[in-house]
Amino acid sequence: MKGKVILMLHAHLPYVNHPDHPYFLEENWLFEAITETYIPLLMAFKHLTDDGVPFGVTISLSPPLLEMLSDPTLMGKYRRHLDGLIELAKKETSTTKREEPLKHEVAMKYLEDFEKALDFLNVYDGNILNAFKAAKKSGEVQLITCNATHGFLPLMKVNSKSVHAQIVTGVKAYEERIGDHPNGMWLAESGYYPGLDKELATQKVNFFFVDSHALWYADVPPHYDVYRPVMTPSGVFAFARDPESSEQIWSAQFGYPGDWNYREFYRDVGFDRPFDYVRPYVDPSGVRTNTGIKYYRITGNVSLGEKELYDPQRGLQTAASHAKDFAQKKISQIQRLYGQMNVDPVIVAPFDAELFGHWWYEGPDFLEFFLREAAKSDIMESSTPDRVIESLGDVQIITPAQSSWGANGYNETWLNGSNDWIYPHLHEAERRMSELAGEYLKTSDPLYIRALNMCARELMLAESSDWAFIMTTGTSVEYAVNRTNTHLSRFLEIYDAIKSHNIDERSIEFYEWLDPIFPYIDYRVYA
Amino acid sequence: MGEDKTIRQLKKEAMMLKIKGYYNMTKSELAEVISRKKTDLSKKIRQLEDMEVEDLRKLSKELNLKIPWKSSRATFVKKIKETFDKFKIDGVEPENRAEESVTPHSSRVNKVEVEETIEQKVDKSKNLLPSSYFKDAFVGLDVNPHWIHFYWDLSNETLDTLKSHLPVILRVYDVTYIEFNGINAHRTFEMEIDDQTRKYYVFVPQSGADYIAEIGYKEGSKFIPVLRSTLVSTPPSSPKTAQMELWMDLKVNRRFTEMATSKKVMKIERLVGSTSMPTSGSRSGSGSGAFFVLSGRRGS
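The shown structure was predicted, so the numbers you read here are calculated from the model rather than taken from an experiment.

Chemist: For this particular structure, what's the right way to read the packing of aromatic side chains?
Modeler: Each aromatic ring pair is characterised by the separation of its centres together with the angle its planes make. All names here are of chain A. The full count for this structure, using the stated rule, is 38 aromatic pairs over all chains. Pairing F24 with Y479 gives two aromatic rings, centres 5.8 Å apart and planes at 55°, and the pair type is tilted. Within this pair, whereas F24 is found in the loop between strand 1 (3-11) and helix 1 (28-50), its partner Y479 is found in helix 18 (residues 477-499), the two being separated by 455 residues in sequence. Take Y479: its relative accessible area is 7%, and that puts it in the buried class. Taking the centre distance of 5.8 Å and the plane angle of 35° together, the rings of F209 and F239 count as tilted. Of this pair, F209 sits in strand 5 (residues 207-210) while F239 sits in strand 7 (residues 237-240), and the two are 30 residues apart along the sequence.

Below, the structure written as structure tokens:
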């Protein structure tokens, strides 16, 4: 009898792939995430496995991420990016010899970090997905999928066939890229509405995650609040987020990542060094960008100029003590819950994976420390949905309420004055896609099939919740607007071409090269 | 199709399309350049109504049209449209692409050329999404438990009907548990809206309820609906009560019911508040991504 903690790391980035440009700033989102988050997390899990520490962690690999990590051109660019990073780190180790000793020490650590990342990558033939596949073999890391392009489904439900296509293609992407069937799905932004579970059931997806109020405001009150999974009437299990765990880690005000000893994200050598010095490692158009090498700690509520130097030892110690504290808090929470429950409490803590490492530099260390603590405990254990479902005896049948994990819990992040203009176009494109799929369901003309599949890709790329999210947050808005417009106008262009029986093979070929996501897509899922 | 055309016909077309240097081109070069130009022009036709006067001037110059500089926007649009029509009369359909006739290019260099043209096209098309699809659509989307977003698009007929019966009226009905027949709603809300408006956010009192909207006009005191929206349900924002709980015994795969307990699992949540009422009750999101905020273009 142990309380279970399910750490659920949602790994996702929008599909950003510009084979027509040798350098594209937004591709750095992926490159930074690989070096700073995915590799460090995988290394942390490997340390645990090597040391024989039992643990459980769940990672959702979103299909756009699966596709980007499988793209040879993009991964080639990543290799060059990493080589550049190592070169810069080497330069830094010699530059910092003439600066503060602490700075030099940190430079040496970055060089070591990056070289380890490269070695790690080489062990898996340069394919990070191989590392994920290896990690899941032991069952300690459970991988799941996400709906196709991370479309926000509560605002898509007016076109149920598009929702269906998102789910089917999300399962398919995982099967193609990971090699087996995904048991679970992370619904983009935890966006759920009653009925969606039926769609998951038909695709043999066994479980998904919801936010806390999905159970609090469900059709029947949950017997154990959010501390046991429930089953929907269609037989799919739902795990609900524990608000306490999220706040301890996520909250900017009360959470661990804001500790003054942790590394400061915003002071980067890309901005601090003379321009000519960093020029080869930033945007070639001459715009300074983050490089990933940062020497300062958060320090306190001071301006960026007043930050003090980062001490990696202190950072690591802080992560260790935070991990202990978090473990202690989970243990007392579990003890408290045991007092009120006659079964093992299940605590679900979902996070964006990129929080760990990218933004919270010490995050992967924190997780590793925490999982070691959990392994020592008699009261709690880290677990996975598969293992918890396996152990269930009775489960309450509930229809969760419509909800998301966005600000205020519903749809307003993805539907407000800054982004509402996209929905008339998205919905019209969705209707047209289903119309095409119905009309050409039985076509055997290879050119039509290619054009129809390309339509489906463009539509799905336009549907990514990321664009609406970026428009709301106000950073990189221009890029998000362009991507929405670009994919929708490509869709309309190909739609017109199909309808007028005037398909231009070369432009289809060109779009296939530009947006090579889901080579195995089947437009018939829209019929 | 282009392959049926002689080189003379192609040159004539190219001349009409004001393609520079056409007289030195080979047949396949002509076919390619003509098809590019046509694609470009067909894009522009669709764009025409939304173009600024400045752009119209530029375009007319590109087409070698003699239109007085100070002409009105409408004149520019009219003349340019006439020119496009002329192309059509002469058998040049802007939508028709002659690229099939072009020998397929396999070399990388050629590919890049084509890519650049399409790339430019895409860049130009940035604001190319139509402002209307000219057909009736009326969709309700829930924002949160108390706000609904409606957007609509109108066919020309519907637009004419509304325009001849101004003002336009927007009605919202609470139809929770009702088979709606136009007059049996629990509550009916109504307002006048501008005939140019195509979207609106409305406040609705009830969470976890079903709503339908209609757009129409008044004949005396009678409301005449013209367009009805999709059904939209606001998400619930409060707990339900239940006497019975439904359970499943997974070992034997059998469902059973149990009396619901009034005893709740106690959890402690952080209390949010302040000594004076804040102007907007903001609460931070529970999860969703800090990633872009951190990695985006700085200072742009």
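After presenting the structure, the write-up continues.
Chemist: Can you help me understand the domain arrangement of chain B in this one?
Modeler: For interface size, the figure often reported is the accessible area lost on association. Split into domains, chain B comes out as domain 1 (7-88) and domain 2 (137-234). Between domain 1 of chain B and domain 2 of chain B, the C-alpha centre-to-centre distance is 43 Å.

Chemist: Help me understand the packing of helix 9 (residues 243-250) of chain A against helix 12 (residues 312-338) of chain A in this model?
Modeler: Between two packed helices, both the angle of their axes relative to each other and the distance between the axes serve to describe the pair. All names here are of chain A. Between helix 9 and helix 12, whose axes approach to 11 Å, the crossing angle comes to 165°. Between helix 9 and helix 12, the angle is such that the two are roughly antiparallel. The hand of the helix 9/helix 12 crossing is right-handed. Touching E244, S245, Q248 and I249 of helix 9 are F326, K329, K330, Q333 and R336, all from helix 12. Residues that form the contact of helix 9 with helix 12 fall into these classes: 2 nonpolar, 3 polar and 4 charged.

Chemist: Looking at this model, I keep getting lost on the layout of surface pockets. Mind explaining?
Modeler: A water-sized probe, rolled over the atoms, reveals where empty space remains. All names here are of chain A. Reported here for the second largest pocket is a volume of approximately 730 Å³. Looking at the second largest pocket, it is lined by 29 residues, and the ones nearest its centre are K109, D113, K116, Y361 and D365. Of all the elements in the fold, those that place two or more residues in the lining of the second largest pocket are helix 1, helix 4 (101-123), helix 12 and helix 13 (363-376). Among the elements that make up the lining of the second largest pocket, the one with the highest residue count is helix 4 (8 residues). Its residues placed into classes, the lining of the second largest pocket shows 13 nonpolar, 6 polar and 10 charged.

Chemist: Please explain the pairing of strand 10 (residues 254-259) of chain B as it appears in this structure.
Modeler: Walk down a regular strand and you will see the side chains alternate between the two sheet faces. Residue and element names in this part refer to chain B. Counting buried positions along strand 10 gives 0 out of 6 residues, so the element sits mostly on the surface. Bridging between strand 9 (residues 244-249) and strand 10 involves 6 bridges; their strand directions are antiparallel. Pairing of M248 across the sheet is with R255, part of strand 10. As consecutive antiparallel partners, strand 9 and strand 10 are separated by 4 residues, and within that stretch N253 has a phi angle of approximately 55°, a positive value.

Chemist: Explain the sheet that holds strand 9 of chain B to me, please; I cannot follow it from the model alone.
Modeler: Think of a sheet as strands paired side by side through backbone hydrogen bonds, with each pair either parallel or antiparallel. Pairing is antiparallel in the open sheet, where 3 strands are placed in the order 10(A)-9(B)-10(B). Looking at which strands have only one partner, the edges of the open sheet turn out to be strand 10 (394-396) of chain A together with strand 10 of chain B. For this sheet, the mean angle separating the axes of adjacent strands, direction not counted, is 35°.

Chemist: Can you help me understand the confidence of the model for chain B in this one?
Modeler: For residues with low pLDDT, the predicted coordinates do not support detailed interpretation. Residue and element names in this part refer to chain B. Here chain B shows a mean pLDDT of 75. Residues at 70 or above account for 72%. Contacts from residues 89-126, a stretch scored under 50 in pLDDT, to residues over four places away or in other chains number 70 contacts. In the model, residues 280-300 has pLDDT below 50 throughout and makes 55 contacts with residues more than four positions away in sequence or in other chains. Scoring the predicted complex yields pTM 0.83 and, for the interface, ipTM 0.94.

Chemist: I keep staring at the side chain of A:R457 and nothing clicks. Help me out?
Modeler: Residue and element names in this part refer to chain A. By the secondary structure assignment, R457 is in helix 16 (residues 446-463). No salt bridge forms around the buried R457; measuring N to O, its nearest opposite-charge neighbour E512 is 4.8 Å away. Among all residues touching R457, those that are not within four sequence positions of it are E512, D515, I517, F518, P519 and I521.

Chemist: I would appreciate a short explanation of the environment of A:L118 in the present structure.
Modeler: Residues and elements named next belong to chain A. Along the polypeptide, L118 turns up in helix 4. Looking at L118, the relative accessible area reads 17%, which means it is buried. Residues L118 and D272, spaced 154 residues apart in sequence, show a C-alpha to C-alpha distance of 25 Å. Setting aside residues no more than four positions away along its own chain, L118 makes contact with R79, L82, D83 and I86.

Chemist: Help me understand helix 4 of chain A, please; the structure alone is not making it clear to me.
Modeler: Side chains that are three or four residues apart share a direction in an α-helix, a result of its 3.6 residues per turn. Residue and element names in this part refer to chain A. Between its first and last C-alpha atoms helix 4 spans 33 Å; for 23 residues at 1.5 Å apiece the expected length is 33 Å, and the two agree. Of all the residues in helix 4, the buried ones are K103, V106, A107, Y110, L111, F114, A117, L118, F120 and L121. Just past helix 4, the residue D125 takes up positive phi, approximately 55°.

Chemist: Would you take a moment to explain the pattern of salt bridges for this structure?
Modeler: Summed over all chains, the structure comprises 38 salt bridges over all chains. In this structure, A:R273 and A:E99 form a salt bridge, with 2.8 Å as the shortest nitrogen-oxygen distance. A residue pair is termed long-range when its members are at least 10 positions apart, and A:R273 in the loop between helix 10 (269-272) and helix 11 (275-278) and A:E99 in the loop between helix 3 (72-95) and helix 4 qualify at 174 residues. As a salt-bridge pair, B:R228 and B:E214 come within 2.9 Å of each other at their nearest N and O atoms. Pair noted here: B:R228 is in strand 7 (residues 222-228) and B:E214 is in strand 6 (residues 210-219), with a separation of 14 residues, a long-range link. Residue class for B:R228 comes out partly exposed when judged on its relative accessible area of 39%. A cluster of three or more residues bridged by salt bridges with shared partners is formed by A:E92, A:E99, A:K103 and A:R273.

Chemist: Please explain the environment of B:D174 as it appears in this structure.
Modeler: Residues and elements named next belong to chain B. Within the secondary structure layout, D174 lies in strand 3 (residues 168-174). You can call D174 buried: its relative accessible area is 7%. Considered as a pair, D174 and A185 are 11 residues apart in the sequence and their alpha carbons are 5.6 Å apart. Setting aside residues up to four positions removed in sequence, D174 forms contacts with A185, H186, R187, Q206, A209, D210 and Y211.

Chemist: I'm lost on the interface of chain A and chain B in this one. Help?
Modeler: Taken together, the contact pairs 96 residues of chain A with 78 residues of chain B. Here chain A and chain B share an interface that buries about 8100 Å² over both sides, 56% of which is from carbon and sulfur atoms. In this structure, A:E428 engages B:K135 in a salt bridge whose closest nitrogen and oxygen atoms are separated by 2.8 Å. Across the contact surface, chain A and chain B share 19 residue pairs in polar contact (both at pLDDT 80 or more). Mapped by element, the contributors of at least two residues to the side of chain A that touches chain B are helix 1, helix 9, helix 12, strand 10, helix 15 (422-439), helix 17 (465-473), helix 18 and helix 19 (505-514) of chain A.

Chemist: Help me understand the environment of A:D197 in this model?
Modeler: Residues and elements named next belong to chain A. Structurally, D197 is set in helix 7 (residues 196-202). Taking the C-alpha atoms as reference, D197 lies 8.9 Å from A238; in sequence the two are 41 residues apart. Those residues in contact with D197 that lie beyond four places of it in its chain are Y192, F208, T232, P233, S234 and V236.

Chemist: Looking at this structure, I do not really get the packing of helix 17 of chain A against helix 18 of chain A. What am I missing?
Modeler: Residues and elements named next belong to chain A. Helix 18 packs onto helix 17 with a crossing angle of 145° between their chain directions and a minimal axis gap of 8 Å. Between helix 17 and helix 18 lies a crossing of left-handed hand. Contacts between helix 17 and helix 18 involve W467, I470 and M471 on the former and, on the latter, V477, Y479, A480, V481, R483 and T484. Taken together, the residues of the contact of helix 17 with helix 18 break down into 7 nonpolar, 1 polar and 1 charged.

Reading the values: the criteria
- Residues numbered from 1 in each chain as written.
- Chains lettered and ligands numbered in written order.
- Predicted model: local features only at pLDDT ≥ 70, side-chain atom pairs only at ≥ 80, totals over all residues.
- Heavy atoms only, no water.
- Phe/Tyr/Trp six-rings, centres within 6.5 Å; stacked < 30°, edge-to-face > 60°.
- Helix = DSSP H or I, 4+ residues; strand = E, 2+ residues; numbered from the N terminus.
- Buried < 20%, exposed > 50% of the residue type's maximum accessible area, 1.4 Å probe, protein only.
- Domains from an automatic or database assignment.
- Axes fitted to C-alpha atoms, helices over the stretch in contact; angles between N-to-C directions.
- Parallel < 35°, antiparallel > 145°, perpendicular 65-115°, else oblique.
- Left-handed = near helix turned anticlockwise from the far one by under 90°.
- Contact = heavy atoms within 4.5 Å.
- Nonpolar A, V, L, I, M, F, W, Y, C, P; charged D, E, K, R; others polar.
- 1 Å grid on protein atoms, 1.4 Å probe; cavity = no way out; pocket = protein on both sides within 12 Å on 5 of 7 lines; lining within 4 Å.
- Points joined across faces, edges and corners; volume = space filled by probe spheres on them.
- Pairing = 2+ DSSP bridges.
- pLDDT = per-residue confidence, 0-100.
- Lys, Arg positive; Asp, Glu negative; His and termini not counted.
- Salt bridge = Lys/Arg side-chain N within 4 Å of Asp/Glu carboxyl O.
- Expected span 1.5 Å × (residues − 1).
- Buried area = accessible area lost by both parts, 1.4 Å probe.
- Polar contact = N/O pair within 3.5 Å; in protein donor to acceptor, adjacent residues only side chain to side chain.

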